[in-house]
Amino acid sequence: MPWRAADETLLQRLEDESLVEALFARVAGGAPAGKVLPPRAAGLVAEVRKLPSGAAAVAAALAGDAEPLARLVGELALADAPPVLVHHLALFHGAAAVALEQASPEAAASAWVRSLAAWFALAEERAYLARLEELVLGGGAAGGARRSRAADSAIPPERAPLELVAELAKRADAGARDLSAGGRAALLALGRIDEAARVAGASPPAALRARAEAERRRNAAIESALAVIGEALDEANVRGELATLGRALLLRAVPVWRWTSNDEAVEHFVVDRVDKIGWELYRARSWDALRQLLEPFRPMFDSLASRIERDPSHISYAAGCAQMFVFLAEVELHTPRKLALAERAVKICPTHRNGRLVLASVLCDEAMSSMRAMVVFARRDELDRVGALLDRAESLYPAASELAEAREMLARVRRGRIAV
């Protein structure tokens, strides 16, 4: 029997199905394509064949080297690609993201970004999605009736990426309570909207719309993750058990912080809650309990402090963050570390009353400690250094209780009365 055109078409179709499965396994970390890709996904390879360098990449893949095909698919300039191929890529990368999310939320997020970039590109092109809608609804009177019924729920082409943003938001929110891997992948992707828009060559207004929507939805998912902790802390406060149970309840925020990739909103939440618990322990002079409360959250305090130091727009949280370093300084036993923590508090918030008071107190203590070490002879430069410490302490907090004692001690040392 002679080889027919139909036989060639069937062979190519089978080859395309085989190659798209191999490509999916490569992109999705070995996940079987059969469970998530429909047969029509083979159209991805069929469209790649039409590209100038596509036939060679497909031939290499058929010969056992899938690298050129994977590279071509991963590096394709979406703005210049045929819309039908971009549509295949949007669906392909979305399926890969779902397959990857349990094993690697980070890799899944990257796949979501590639899918989102493809939807951005289709939204910019517009005509393809409009034609696709026409094909789905059909022509003639029947098609017109279907279009009329669908008009209220139709999605304008420019909203295509926003639909994926909404889907990612649902996944993030669904995974917020148990901090699921899929939720984390979606949350990571929502934080990379600008990257997807840049890859697609999306217009600034389109990127801005998507970013605003993604930020709103992302913040809502993070709030959901924190809500259960906040509710438990509020209940403990009502029962008068905040000082005893607060630390254990607030520790749940540590995995939330990791789940959100160290998001600033979690840092704000922790600072607010630690402040309330910390003051209860401070007033009770429960220094060990205060020290234990603070220790697990020090990385969050450092992260928030760095944000404030880098960007003055974060000033609204400067006072709260500075108080965390005041608490840390108050429970620190090693003088150099105590001084560094107090300095950090004042650097974060120069007008912070407690920070200035504690720093002034530490400076006075350091000055008096230095003078006590002057057993036999006090050099002028040493006395000048002590005087500078006290001058700075006075400039920070003139009413510091240790200041008068330290000034009197310095006067005695200057007069030669070394026994201090």
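Scroll up to find the structure this text is about.
As the structure is a computational prediction, the values presented were derived from the model and not from experiment.

> For this particular structure, what's the right way to read the overall build of the protein chain?
The helix and strand tally for the protein chain stands at 22 helices and 0 strands. In the protein chain, the share of contacts with a sequence separation of at least 24, taken over all contacts with a separation of at least 6, comes to 66%.

> Can you walk me through helix α6 (residues 105–125) in this structure?
Every α-helix carries 3.6 residues per turn, so stepping three or four residues along brings you back to the same face. Between the first and last C-alpha of α6 there are 30 Å, a value that for 21 residues agrees with the 30 Å anticipated at 1.5 Å per step. Summarising burial for α6: 15 of the 21 residues are buried, a large majority. Of the residues trailing α6, R126 is marked for its positive phi of about 65°.

> Looking at this structure, I do not really get the packing of helix α15 (residues 264–283) against helix α17 (residues 298–310). What am I missing?
How two helices pack is summed up by the angle between their axes together with the distance between the axes. As a packed pair, α15 and α17 sit with axes 10 Å apart at the nearest point and diverge in direction by 115°. Pair α15 / α17 crosses with left-handed handedness. Contacts between α15 and α17 involve E264, V266, E267, H268, V270, V271 and V274 from the first element and M300, F301, S303, L304 and R307 from the second. Its residues assigned to classes, the contact of α15 with α17 comprises 7 nonpolar, 2 polar and 3 charged.

> Just to check I follow, could you spell out the nonpolar core for this structure?
As a rule of thumb, soluble globular proteins bury nonpolar side chains together. One finds F120, L250, V270, V274, F297, F301 and F325 to be the most contacted residues of the largest nonpolar core, which totals 138 residues. Here the element with the most residues in this core is α6; it accounts for 12 residues. If we ignore the near neighbours within four places in the chain, the residues touching L250 are I229, L233, F269, V270, R273, V274, I277 and F297.

> So what exactly am I meant to see when it comes to unusual backbone geometry here?
What is expected of a backbone is that most residues other than glycine have negative phi and most peptide bonds are trans. Positive phi values are uncommon outside glycine, yet N262 reaches one of about 60°. Within the secondary structure, N262 sits in the loop between α14 (253–259) and α15. Unlike most non-glycine residues, R285 shows phi in positive territory, near 55°. Mapping R285 onto the fold places it in the loop between α15 and α16 (287–294).

Calculation rules
- Residues numbered from 1 in each chain as written.
- Predicted model: local features only at pLDDT ≥ 70, side-chain atom pairs only at ≥ 80, totals over all residues.
- Heavy atoms only, no water.
- Helix = DSSP H or I, 4+ residues; strand = E, 2+ residues; numbered from the N terminus.
- Contact = heavy atoms within 4.5 Å.
- Expected span 1.5 Å × (residues − 1).
- Buried < 20%, exposed > 50% of the residue type's maximum accessible area, 1.4 Å probe, protein only.
- Axes fitted to C-alpha atoms, helices over the stretch in contact; angles between N-to-C directions.
- Left-handed = near helix turned anticlockwise from the far one by under 90°.
- Nonpolar A, V, L, I, M, F, W, Y, C, P; charged D, E, K, R; others polar.
- Core = buried A, V, L, I, M, F, W, Y, C linked by side-chain atoms within 4.5 Å.

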